[in-house]
Number of protein chains: 2
Amino acid sequence: MLNRQVVLKSHPNGVPLPEDFELVEATSAEPGEGQMLVRNLFFSLEAAIRGWLDGKANYFEPIPLGGAIRGPSVARVITSRLDGFEAGDLIFGLHHWEDYSLSDANTILLSKLSPEEDIPLSYYCGGLGGSGHTAFVGLHEIGNIQAGETVLISAAAGATGSMATQIAKLRGCKVVGVVGGENKADLITQKLGADAAINYKTCGDLTAAINEACPEGVDVYFDNVGGKTLDASLQCMNTFGRVIGCGMIGDYNDQDNPTPVFNMWKLVEKELTLKGFLLYTYMDKVPAASAQLHEWVRSGEIHILENITEGLPNAGWAYSEMMRGATIGKNLVAMDLQEGEHL
Amino acid sequence: MLNRQVVLKSHPNGVPLPEDFELVEATSAEPGEGQMLVRNLFFSLEAAIRGWLDGKANYFEPIPLGGAIRGPSVARVITSRLDGFEAGDLIFGLHHWEDYSLSDANTILLSKLSPEEDIPLSYYCGGLGGSGHTAFVGLHEIGNIQAGETVLISAAAGATGSMATQIAKLRGCKVVGVVGGENKADLITQKLGADAAINYKTCGDLTAAINEACPEGVDVYFDNVGGKTLDASLQCMNTFGRVIGCGMIGDYNDQDNPTPVFNMWKLVEKELTLKGFLLYTYMDKVPAASAQLHEWVRSGEIHILENITEGLPNAGWAYSEMMRGATIGKNLVAMDLQEGEHL
């Protein structure tokens, strides 16, 4: 079968551009013993992918030039030679930006999905998938948030940040979000329930802005961006404050020139805990998180923010838009069908 | 009674100089209700004092120009109007660099000492006092060291570092110390049992030197210095590694220009925990620490390194020597008696 793929055409210089990606045509492989062939339905666009585009190893192998972009997807099993999976199953896993992928027991993040009928399938790529689970696990397991505490969240209109904002509010915290745009500031205060929003692009001195929004100090900082926002937040933390190290997207576009952090002394002075985490270390916490998030989504207490781009050929453009900070909520690519394809 | 004091003559510019301090003569105060008059015997010279010399508040009030230098001491009670203390008692507490201090229930770190007869009293200012307790609590409560792990320790020939080096070895860890001098490198490997020493002044690229000494990676980094050593260590940490934030002496001499840290991304990538602490938060852990440290000192398994300067008039010089990194082990000032004084 024809298998369209989006491959890496050039290593991005800073923010990825649409022309760093290329659509090519290949042929889908036959699943061997222990493998399954899956039809990708939604791709989850994630900041972590940026780290794989520079041709240098980080916690995953780099994507070579000409290689298909690696990314998590929701997919339907076409044929299975893997125990426990059969044709028609819906799965989640780290696949590639292509029509058809091979998946096996070693596929990172592989799980079988049992989507509820009343929930859009795309939600399992975002708010009810990795983004929601990351927000939930980070706030509870890493940040140990308590009702009445003040929680600062960066990239608060993003996929993970928008979930963290709402979860922390539901847990009885005061929530202040840092965002890059007035539309995002309005969104998180008016729709997501944040107590205040700081637009880092227009607020002037960020430390002063955080102190103004949080005169009682910050107990927990959910860090999605690192760099200058992390540095400013360190100056505003209360004694025994916790920093949840979830992502450092601020530096993903230029990993050779990370933003310096000057206020590490606060670690000792304020007896802070900075703890980084990756969701796949906490998979045992996901079922409870998922159950609670489903409940909140059904009750309307949590809004899932999605930005869905239609069609595999547009995946590179969609990723570029996300990585330049132009989007709100979870970024997804909804796969278009090939000509004559019926699922 | 005549009360000699060492006061702050000028705010140091970088490393404190002897002439930033001045010996003056005052009169000792009479203890009021709830107070006691104590005769200082040993002063513990500590890096934290540097933070109080710039005229800016940090976690303690700054010392004003002309004000007596604040510092912890071992002292003997002369007269007491405080319940639970009587003349002749030996105490530890945060006093001032002077012959006689007033102490009360609010004195920071106040505790009654019951020194063992076979142990030098000075040890209770260092290895069997705050430095030893800090090393012990840091390694166990913050770093959670386990036998077989690799522990990196900065300022490993210093008061806290020399204790941490020996404790971690006794707990079955591999220990690599970072020091500033060949004499210190020889000391920690030949006398304290460190498996390797890195002289940061001559090793060239510090990250490469740590990787060479710890090809298996660093599980726990006991950070006494912050700055460039912290930055380099972040690049060498194993997944789930812990950084014990004990001190950041590297920046104490120039707090307005902290050393930037560039590798905070490792927090997420390696799922690290960076946790700062101050001993006084963990006073409930001190009795057990003290008992174990006494046992090790008696058995000869731990060596207490001391650098004792005689006489209050030399306190400023001694502090300057310590803060320029010229000394080894715990720095103390042994108080000289006033003319005609008998204790």
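The rules behind the values
- Residues numbered from 1 in each chain as written.
- Chains lettered and ligands numbered in written order.
- Predicted model: local features only at pLDDT ≥ 70, side-chain atom pairs only at ≥ 80, totals over all residues.
- Domains from an automatic or database assignment.
- Buried ≥ 20, exposed ≤ 12 C-beta atoms within 10 Å, placed from the backbone.
- Helix = DSSP H or I, 4+ residues; strand = E, 2+ residues; numbered from the N terminus.
- Contact = placed C-beta atoms within 7 Å.
- Least-squares fit on C-alpha atoms with pLDDT ≥ 70 in both.
- Nonpolar A, V, L, I, M, F, W, Y, C, P; charged D, E, K, R; others polar.
- Pairing = 2+ DSSP bridges.
- Axes fitted to C-alpha atoms, helices over the stretch in contact; angles between N-to-C directions.
- Parallel < 35°, antiparallel > 145°, perpendicular 65-115°, else oblique.
- Left-handed = near helix turned anticlockwise from the far one by under 90°.

## Structural notes on the domain arrangement of chain A
Consideration 1: Each domain of chain A was delimited in the assignment, giving domain 1 (2-126 + 305-334) and domain 2 (130-281).
Consideration 2: Each of domain 1 of chain A and domain 2 of chain A has a C-alpha centre, and these two points are 28 Å apart.

## Thoughts on helix H5 (residues 227-234) of chain B
All names here are of chain B.
Consideration 1: The buried count for H5 comes to six of eight residues, which makes it a mostly enclosed element.
Consideration 2: Thr-229, Leu-230, Asp-231, Ala-232, Ser-233 and Leu-234 are the residues of H5 that are buried.
Consideration 3: Among the structural elements, strand E8 (150-154), strand E9 (174-179), helix H4 (206-213), strand E11 (218-223), strand E12 (237-245) and helix H6 (266-269) are those in contact with the buried residues of H5.

## Observations concerning the relation of the copies chain B and chain A
Consideration 1: Screw-axis analysis of chain B against chain A gives a translation of 0.0 Å along the axis, an RMSD of 0.0 Å, and a rotation angle of 180 degrees. The transformation relating the two chain copies, once decomposed into turn and shift, fits a two-fold axis.
Consideration 2: Most of the interface of chain B is mirrored in chain A: 100% of its interface residues are interface residues there too.

## Considerations on the interface of chain B and chain A
Consideration 1: Each partner contributes residues to the interface: chain B has 29 residues there, and chain A has 29 residues.
Consideration 2: The greatest single-element share of the side of chain B that touches chain A, amounting to four residues, is contributed by strand E13 (residues 273-276) of chain B.
Consideration 3: When grouped by side-chain class, the residues that make up the side of chain B that touches chain A number 16 nonpolar, eight polar and five charged.
Consideration 4: Across three bridges, strand E13 (residues 273-276) of chain A lies against E13(B) in antiparallel orientation. The partner of A:Thr273 across the bridge, within E13(B), is B:Lys275.

## Let's talk about the packing of helix H1 (residues 130-142) of chain A against helix H2 (residues 159-170) of chain A
All names here are of chain A.
Consideration 1: Relative to each other, H1 and H2 sit at 50 degrees, their axes nearing to 8 Å. By the angle class used here, H1 and H2 are oblique. As for how H1 packs across H2, the hand of that crossing is right-handed. Note on element contacts: H2 touches H1 through Ala-159, Thr-160, Met-163, Ala-164, Ile-167 and Ala-168, opposite Ser-131, Gly-132, Thr-134, Ala-135, Phe-136, Gly-138 and Leu-139.
Consideration 2: A per-class count over the contact of H1 with H2 returns eight nonpolar, five polar and no charged.

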